[in-house]
Amino acid sequence: MLRTARRHGDRLHLPVRPGTGDDDAALAAGAGADLLHRLPQAAQWLLGVDGRLVLGNYVYADGATNVRVATAVDALTRHVQDRRDDVALAFLATPTDVYAVPADAVRHAEHGYAARGLARRSLRVLSGGRLLHRNYPPDADPGINDSLVPQQGPNYALAKRLQRWRAAVARDAGSTVSFTVAPPTRTRSVLRNRALAAAYAGAHRFGIEVFEPATSNTLMAALLVHDLRTGPPAQPQPWQDEAYAAAHGGLWRVPYAPRSALGLAVLLGIGATRG
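Let me sum up the structure you'll find in this document.

## Overview of the pairing of strand β4 (residues 143-146)
- Burial along β4 is one-sided: the face carrying Gly143 and Asn145 is buried and the face carrying Ile144 and Asp146 is not.
- Two elements, strand β3 (residues 98-101) and β4, share four bridges in a ladder whose sense is antiparallel. Bridge pairing links alanine 100 to isoleucine 144 in β4.

Here it is, written out as structure tokens:
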């Protein structure tokens, strides 16, 4: 971040520990806010930032610490919102969650399900009915897409659900909120899990696009700027706010319930990585 700011002549505001030097090496070593142990100091620093404040909730940690840091950011958000009336909120929603999805996604999935009848029936028989369940009941409006991945664990699911709740409550209160479903991405946290890494390698066989981190970053930054400048259109239902401009990478439109294809994607992905 320091190099980017220097290269483009931007202005970068950083919380730093007292006594930190002003050269890049010292700033890199002394910058940052500990949300778990020094939350009041982080909140005080944010309250002193001049100009419109956009609070982006992009935190992540492994295991139970993920819930702790997500809770800390939620408390920070409430504290700052109560004391400033110019706060916009930004979130990147995980694609591996449960969402209500529009009818056109359901129709697309149903068309694919019908077109793959013979291969689907053969695999279901061979697997004893465990593989390739249909993604939605016919004509569902909205459909319910269940893309939760058990390998990511309950802490991850709970942390992301806290963010969804805060986004919905803030939007209902009239705050500017950018809440965008991000695409499946080859992040380090995903690739550390061998099963998930293999599933992502085989996902294209089912019409799911897995993005490189740089591509996801650019896309999500562009959508954030759009939301801040123009605001997402008002929707009649909260689920439609979440579905707007969702970059789900195809998860909402695949013919099969994602978990019923996960094992097959892992096998195909292992073969692809070995090849």
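Right, picking up where we left off after that structure.
## Thoughts on the packing of aromatic side chains
- Taken as a whole and assessed by the stated rule, the structure comprises four aromatic pairs.
- An angle of 50° between the planes, with centres 6.2 Å apart, marks the rings of phenylalanine 91 and phenylalanine 179 as tilted. Within this pair, whereas phenylalanine 91 is found in strand β2 (residues 87-93), its partner phenylalanine 179 is found in strand β5 (residues 177-181), the two being separated by 88 residues in sequence. Exposure class is identical for phenylalanine 91 and phenylalanine 179. Each is buried.
- Seen from their ring centres, tyrosine 99 and tryptophan 252 are 5.6 Å apart, and the 45° between their planes marks the pair as tilted. One end of the pair, tyrosine 99, is in strand β3; the other, tryptophan 252, is in the loop between α11 (238-243) and α12 (258-274), with 153 residues separating them in the sequence. Of the two residues examined, tyrosine 99 and tryptophan 252, each falls in the buried class.

## A word on the environment of alanine 245
- Among the secondary structure elements, alanine 245 is positioned in the loop between α11 and α12.
- Sequence-wise, alanine 245 and glycine 112 are 133 residues apart; in three dimensions their C-alpha atoms are separated by 22 Å.
- Beyond its immediate sequence surroundings of up to four residues, alanine 245 is in contact with Thr180 and Leu223.

## Quick look at the packing of helix α4 (residues 65-83) against helix α7 (residues 153-172)
- Direction vectors running N to C along α4 and α7 enclose 15°, while the axes themselves pass 8 Å from each other. By the criterion of interaxial angle, the relationship of α4 to α7 is roughly parallel. Between α4 and α7 lies a crossing of left-handed hand. Only Asn155, Tyr156, Leu158, Ala159, Leu162, Arg166 and Ala170 of α7 make contact with α4, whose side of the interface consists of Asn66, Val67, Ala70, Thr71, Asp74, Thr77, Arg78 and Gln81.
- Partitioning the contact of α4 with α7 into residue classes produces seven nonpolar, five polar and three charged.

## With respect to the packing of helix α3 (residues 39-47) against α4
- α4 packs onto α3 with a crossing angle of 40° between their chain directions and a minimal axis gap of 10 Å. Between α3 and α4 the crossing geometry is right-handed. Counting all contacts with α3, which are made through Leu39, Ala42, Ala43, Leu46 and Leu47, the residues of α4 involved are Ala72, Ala75, Leu76, His79, Val80 and Arg83.
- The residue makeup of the contact of α3 with α4, split by class, is nine nonpolar, one polar and one charged.

## Here's the deal with the sheet that holds β2
- An order of β1-β2-β5 is seen for the three strands of this open sheet, with the pairing classed as parallel. Strand pairing shows two members of the sheet lacking a second neighbour, β1 (53-57) and β5, which therefore form its edges. Sheet twist, expressed as the mean angle between neighbouring strand axes with direction ignored, is 15°.
- Seen against the sheet, α4 touches β1 and β2 and runs at an angle of roughly 160° to β2.

## A look at the side chain of threonine 77
- Considering the arrangement of structural elements, one finds threonine 77 in helix α4.
- Classification of threonine 77 by relative accessible area gives buried; the value is 4%.
- Contact partners of threonine 77, with chain neighbours within four places excluded, come to Leu55, Leu89 and Arg166.

## What about helix α10 (residues 213-230)?
- Counted at 1.5 Å a residue, the expected span for α10 with its 18 residues is 26 Å, and the 26 Å between its end C-alpha atoms agrees.
- All of the buried residues in α10 are Ser216, Met220, Leu224 and Asp227. Each buried residue of α10 sits inside an arc of 65° when the element is viewed along its axis, so together they form one side. Relative to its buried face, α10 has exposed residues pointing more than 90 degrees away, namely Ala214, Thr218, Arg229 and Thr230.
- If you follow the buried residues of α10, they end up packed against β2 and β5.

What counts as what
Residues numbered from 1 in each chain as written. Predicted model: local features only at pLDDT ≥ 70, side-chain atom pairs only at ≥ 80, totals over all residues. Heavy atoms only, no water. Buried < 20%, exposed > 50% of the residue type's maximum accessible area, 1.4 Å probe, protein only. Helix = DSSP H or I, 4+ residues; strand = E, 2+ residues; numbered from the N terminus. Pairing = 2+ DSSP bridges. Phe/Tyr/Trp six-rings, centres within 6.5 Å; stacked < 30°, edge-to-face > 60°. Contact = heavy atoms within 4.5 Å. Axes fitted to C-alpha atoms, helices over the stretch in contact; angles between N-to-C directions. Parallel < 35°, antiparallel > 145°, perpendicular 65-115°, else oblique. Left-handed = near helix turned anticlockwise from the far one by under 90°. Nonpolar A, V, L, I, M, F, W, Y, C, P; charged D, E, K, R; others polar. Expected span 1.5 Å × (residues − 1). Arc of directions from axis to C-beta.

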